[in-house]
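Each chain is listed here by its residues.
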Amino acid sequence: MKSIGKVLEVVGNETRRRILALLSEEPQYISQIAKKLDVTQPAILKHLAVLEKTSLIESLDRKSTRLNSSHS
């Protein structure tokens, strides 16, 4: 577990807090987060890397196709 000071430093950033709020609702693609927060995708990637390194999030490596809810 990371130190409390490190976690507080990470979540002290407003953009990272907004990312965490979005991810608490449902999984999101990087492009979705970037659009909703009006932040570039490279910037979102950097913030996600910091959050993941601090074990506040986990990333899923998925293809960008979505499954239809009626798919068996």
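Up top is the structure these notes are about.
These figures come from a predicted structure and were not determined experimentally. (Residues numbered from 1 in each chain as written. Predicted model: local features only at pLDDT ≥ 70, side-chain atom pairs only at ≥ 80, totals over all residues. Heavy atoms only, no water.)

Structural notes on the packing of helix 3 (residues 30-37) against helix 4 (residues 41-53)
With their axes 9 Å apart at the nearest point, helix 3 and helix 4 run at an angle of 110° to one another. Classified by the angle between their axes, helix 3 and helix 4 sit roughly perpendicular to one another. Between helix 3, through Ile30, Ser31, Ile33, Ala34 and Leu37, and helix 4, the contact on the second element is made entirely by Gln41, Ile44, Leu45 and Leu48. Grouping the constituent residues of the contact of helix 3 with helix 4 by class yields 7 nonpolar, 2 polar and no charged. (Axes fitted to C-alpha atoms, helices over the stretch in contact; angles between N-to-C directions. Helix = DSSP H or I, 4+ residues; strand = E, 2+ residues; numbered from the N terminus. Parallel < 35°, antiparallel > 145°, perpendicular 65-115°, else oblique. Contact = heavy atoms within 4.5 Å. Nonpolar A, V, L, I, M, F, W, Y, C, P; charged D, E, K, R; others polar.)

Examining the pattern of salt bridges
The final tally for this structure, using the stated rule, is 1 salt bridge. The shortest N-O distance in the salt bridge between Glu9 and Lys6 comes to 3.7 Å. On the criterion of helical spacing, the pair formed by Glu9 and Lys6 is a turn pair, its members being 3 residues apart in helix 1 (residues 4-11). In this structure Glu9 comes out as exposed when scored by relative accessible area, which is 55%. Residue class for Lys6 comes out partly exposed when judged on its relative accessible area of 36%. (Salt bridge = Lys/Arg side-chain N within 4 Å of Asp/Glu carboxyl O. Buried < 20%, exposed > 50% of the residue type's maximum accessible area, 1.4 Å probe, protein only.)

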